[in-house]
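For reference, the chains in residue letters:
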Amino acid sequence: MLKSKTFLKKTRAGGVMKIVREHYLRDDIGCGAPGCAACGGAHEGPVLEPQPLDPASSLCPRPHYLLPDTNVLLHQIDVLEDPAIRNVIVLQTVLQEVRNRSAPVYKRIRDVTNNQEKHFYTFTNEHHRETYVEQEQGENANDRNDRAIRVAAKWYNEHLKKMSAENHLQVIFITNDRKNKEKAIEEGIPAFTCEEYVKSLTANPELIDRLACLSEEGNEIENGRIIFSEHLPLSKLQQGIKSGTYLQGTFRASRENYLEATVWVHGDTEEDKEIILQGLKNLNRAVHEDIVAVELLPKNQWVAPSSVVLHDEGQNEDDVEKEEERERILKTAVSEKMLKPTGRVVGIIKRNWRPYCGMLSKSDIKESRRHLFTPADRRIPRIRIETRQASALEGRRIIVAIDGWPRNSRYPNGHFVKNLGEVGEKETETEVLLLEHDVPHQPFSQAVLSFLPKMPWSITEKDMKNREDLRHLCVCSVDPPGCTDIDDALHCRELENGNLERIDMVPELLSSNLCSLRCNVDRLAFSCIWEMNHDAEILKVRFTKSVINSKASLTYAEAQMRIDSAAMNDDITTSLRGLNKLAKILKKRRIEKGALTLSSPEVRFHMDSETHDPIDLQTKELRETNSMVEEFMLLANISVAKKIHEEFSEHALLRKHPAPPPSNYEILVKAAKSKNLEIKTDTAKSLADSLDRADSPTFPYLNTLLRILATRCMMQAVYFCSGMDNDFHHYGLASPIYTHFTSPIRRYADIIVHRLLAVAIGADCTYPELTDKHKLADLCKNLNFRHKMAQYAQRASVAFHTQLFFKSKGIVSEEAYILFVRKNAIVVLIPKYGLEGTVFFEEKDKPKPKLIYDDEVPSLKIEDTVFHIFDKVKVKIMLDSSNLQHQKIRMSLVEPQIPGISILADTPNMDSDEPERKKKKHEK
């Protein structure tokens with residue numbers, strides 16, 4: 001059956017165009033119930049169970065299917081995902097609305113419908129002849145969709161009666177819309193709210209905790225005091241943004257100070273796009289990553305970024321006076337040039353809430369169901385939830401979702417989602433850091449795995465057709481110990497004309513086995529081949545798909561040993577020496593152009609082979625061979641960047657590193673000045689030269705510290721589409737153009753670059769979507785987000801394994817250097833471990849020492865002792881397990897000795913788990 005709809009549309013030229021849309025209605029769409037004679041019994045994909053017995057409901061004792069409306073799907077997805085909820089009919093009308101309103105929920109519901117164990121069935125009611133409804137005159141789209149859902153629910157109940165006389169199957173309509181529920185009941189449709197239905201599942205009381213708290217009634221704090229100002233409606237916000245009264249931006253909460261945040265204004269200039277927010281009322285219920293509207297405060301109310309470290313200690317919700325007292329600490333006298341544009345949140349344009357990992361802070365009130373949840377991410381406020389299983393959840397990592405934040409509540413309301421496991425367990429904490437940093441880690445689906453080549457795999461004649469055979473060359477790889485994803489290999493040989501050839505190999509397939517350039521096996525690769533003279537000047541460059549056979553898989557130490565050994569003169573060693581000689585020339589030339597040699601303390605863990613716990617912690621040792629590999633990787637990336645930009649000037653995927661604004665260097669310049677050194681920052685070259693000159697015969701580690709601090713001043717390098725940007729320069733490498741080509745096993749950007757390069761050399765033509773610069777720009781945006789999240793996840797993993805290391809090692813004292821001074825703390829670096837931490841000088845329930853902070857120097861005076869950046873101190877390191885919400889490495893000052901502040905090196909801190917640990921060790 002064909003329905004058609006005709007409407008008129010005005011064109012850009014001012015004319016009128018008649019549009020006819022055809023809508024096909026069918027009789028052969030199945031209901032999803034197996035064995036249904038009326039439908040013919042044939043269904044594709046997951047189907048409903050014939051006689052659903054679970055979950056048992058006191059409201060609906062008969063076997064039944066559930067049919068939720070759009071808002072239930074949107075807001076109660078955590079309930080629907082629970083294994084107890086099965087046999088759900090998802091209407092096409094509902095699915096389309098969810099898709100338009102929330103992409104994350106849409107993806108989650110698609111995942112659930114694809115899970116055959118859940119028995120979720122998608123019914124295309126909009127194309128079924130008996131369930132399709134047309135919009136009536138005067139009826140809005142929302143009311144039409146509500147009616148369509150009720151029509152489908154009624155049709156299902158009547159349809160299922162036809163299956164057999166004995167069949168007692170019902171379809172239960174689930175809606176939280178009071179009017180919609182009333183209309184359904186009037187029309188003879190069994191209907192309940194989600195809360196009513198969930199509370200009727202007597203065998204599954206834990207499901208109640210997963211209900212989203214949508215109504216603010218009954219969830220207000222008892223004194224009813226209004227804490228926050230009202231958020232303006234979206235229409236007023238949009239008018240204000242258009243007129244310039246308000247500014248739109250992304251809310252970024254501070255990790256170090258829960259009373260401070262910044263808003264990055266969208267589409268503004270680099271210098272003026274950051275607005276500071278200070279104080280609970282100015283933050284006005286915004287949550288990290290929300291899109292907000294802010295109002296700038298008058299200049300006489302502008303503030304400077306606070307140097308105070310403040311963490312929310314979970315005061316009573318009605319004790320706002322303590323918050324106001326803490327806010328006064330933030331406001332100290334500063335010079336006018338330190339003041340920054342300051343504002344307040346007037347409304348929320350888009351909430352970007354997600355499920356949060358953390359722990360439950362159980363209420364002190366006996367039998368209370370209301371508790372506070374402390375997120376693992378300090379940028380997220382504590383969340384108030386109701387749960388009946390608080391005792392069982394103590395000491396566990398759990399997931400909680402935010403439902404809303406009333407004006408009279410100190411904290412947002414939320415609900416329990418999932419129990420991840422015991423705090424401190426390696427598997428639990430790894431799951432937490434992956435979830436918190438949005439790192440996809442689900443197993444690959446069978447659909448993906450079906451594309452892998454069948455084993456045993458070998459290179460075929462078809463593979464060789466468009467490839468160059470380079471298996472005769474003496475190629476080798478140089479990587480860290482234990483590396484399995486060997487994604488680059490090197491070669492250097494002297495040509496007949498006296499010049500040198502060098503090849504950089506990168507495989508194109510994605511598999512930890514077939515992509516890895518292991519020795520003595522044939523592998524497919526993408527080769528960048530240079531012909532150079534002995535001064536490392538490139539005479540020719542070409543790119544080809546190839547087949548190689550690596551002759552050796554070496555570690556950096558093994559390659560260095562070959563280069564240094566006078567007794568070794570085989571082909572591999574000769575090739576390595578040639579590569580190393582060229583690499584030194586290439587590096588010298590890069591540095592002369594202004595490339596920066598910065599420093600970052602990298603940590604390497606030595607793991608126990610049985611428990612996989614860290615048994616040693618060291619900073620990574622760098623050899624000449626590290627630099628050798630790096631130089632040729634950089635050269636390959638630059639060469640490929642030039643090639644793809646020559647071929648695709650509008651849609652090459654490139655990587656740039658913006659020059660930092662002058663203000664970023666203030667801390668570096670001040671720190672150097674405190675040691676009577678001058679750092680120039682007007683160009684990358686002047687910065688590089690200044691760092692080279694900044695050394696001290698009596699303080700050899702000073703130059704490393706300066707380079708570490710310089711690294712902190714840098715901007716983030718980003719991927720971008722060449723057709724959407726004019727500035728290609730890579731500041732840190734002093735290169736006019738750059739991309740990523742050399743690591744396709746671990747970076748998706750490199751895969752895209754491989755595809756572009758393949759098209760550029762005529763080896764492929766299967767990716768026409770890469771010529772759409774807008775799609776490529778969106779891809780780059782996602783790559784940048786994923787790259788940032790992967791970096792954060794890596795840091796979190798290092799922090800967790802460092803905690804495991806010190807948990808077994810106990811208390812140690814080590815020399816450290818001050819990297820930053822704060823108003824009430826110093827941030828130190830311990831070279832032995834490459835470990836960074838904060839030494840606090842103000843502790844709860846202890847007398848406050850006399851602290852004088854000078855931002856100009858910068859320095860911190862404690863009693864009669866003054867601390868400057870780069871000063872040498874001695875600290876005690878231990879694992880502080882006193883707060884299970886946030887176990888952390890705790891550092892205390894040992895030297896210099898300050899009465900009432902410093903502690904003895906071998907004194908255990910009663911806040912740590914050291915006494916208990918030693919007791920258990922003694923008992924063994």
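Our subject is the structure listed above.
Here the structure is a predicted model, which is why all the values come from computation and not from measurement.

According to the stated counting rule, one finds 12 aromatic pairs in the structure shown. A ring pair is formed by Phe 123 and Trp 155, whose centres lie 5.3 Å apart and whose planes are at 10 degrees; its orientation type is stacked. Of this pair, Phe 123 sits in strand β5 (residues 120–123) while Trp 155 sits in helix α5 (residues 141–161), placing them 32 residues apart in sequence. Summarising the burial analysis for this pair, Phe 123 and Trp 155 share the class buried. Taking 5.7 Å as the distance between ring centres and 80 degrees as the angle between the ring planes, the aromatic pair formed by Phe 228 and Trp 405 counts as edge-to-face. Of this pair, Phe 228 sits in the loop between α7 (194–199) and α8 (234–243) while Trp 405 sits in the loop between β16 (396–404) and β17 (413–422); the two residues are 177 residues apart in sequence, bridging distant segments of the chain. Taken as a pair, Phe 228 and Trp 405 share a single burial class, namely buried. What links up through ring pairs into an aromatic cluster is the set Phe 123, Trp 155 and Tyr 156. The ring of Tyr 719 has Arg 655 sitting right over it, with the charged end atom 4.5 Å from the ring centre. Above the face of the Phe 720 ring, Lys 656 is positioned so that its terminal group lies 5.6 Å from the ring centre.

The peptide bond linking Val 857 to Pro 858 adopts the cis configuration, its omega dihedral lying at -15 degrees. Tracing the backbone through its elements, the reader meets Pro 858 in the loop between β32 (851–854) and β33 (859–862). Along the chain, Glu 895 connects to Pro 896 via a cis peptide bond; the corresponding omega equals 5 degrees. Relative to the assigned elements, Pro 896 resides in the loop between β36 (888–895) and α23 (914–923). Within the chain, Ala 536 stands out as a residue other than glycine whose phi angle is a positive 60 degrees.

Below, the discussion takes up the pairing of β32. Strand direction decides the pairing type here: β32 and β33, joined by 4 bridges, are antiparallel. Among the inter-strand pairings, Ile 852 is bridged to a residue of β33, identified as Lys 861. Hairpin connection between β32 and β33: a loop of 4 residues separates the two successive antiparallel strands.

A few words now on the pairing of strand β11 (residues 291–296). Alignment of strand β8 (residues 247–253) against β11, held across 4 bridges, turns out to be antiparallel. Looking at β11, one finds that Gln 248 is bridged to Ala 293. Here β11 pairs with strand β12 (residues 343–350) via 6 bridges, running antiparallel. Note that in β12 the partner of Ala 293 across the bridge is Gly 347.

Val 105, Tyr 106, Ile 109, Val 112 and Thr 113 are the residues of helix α4 (residues 103–113) that are buried. For α4, the angular spread of buried residues about the axis comes to 120 degrees, placing them on one side. Across α4 from its buried face, at more than 90 degrees, point the exposed residues Ala 103, Pro 104 and Lys 107. Looking at the packing, one finds that the buried side of α4 touches α1 (70–75), α2 (77–81), β4 (88–91), α3 (92–101) and β5. If you check the start of α4, you find a side-chain oxygen 3.3 Å away from the backbone N of Val 105, and it comes from Ser 102.

The residue Arg 747 is located in the loop between β28 (718–721) and α21 (748–760) in this model. Given the relative accessible area of 15%, Arg 747 is considered buried. Within polar-contact distance, the side chain of Arg 747 engages the side chain of Asp 750 at 2.8 Å. When sequence neighbours within four positions are dropped, the list of residues in contact with Arg 747 reads Tyr 719, His 740 and Thr 742.

What counts and how
Residues numbered from 1 in each chain as written. Predicted model: local features only at pLDDT ≥ 70, side-chain atom pairs only at ≥ 80, totals over all residues. Heavy atoms only, no water. Phe/Tyr/Trp six-rings, centres within 6.5 Å; stacked < 30°, edge-to-face > 60°. Helix = DSSP H or I, 4+ residues; strand = E, 2+ residues; numbered from the N terminus. Buried < 20%, exposed > 50% of the residue type's maximum accessible area, 1.4 Å probe, protein only. Lys NZ or Arg CZ within 6 Å of the ring centre and 35° of its normal. Pairing = 2+ DSSP bridges. Arc of directions from axis to C-beta. Contact = heavy atoms within 4.5 Å. Polar contact = N/O pair within 3.5 Å; in protein donor to acceptor, adjacent residues only side chain to side chain.

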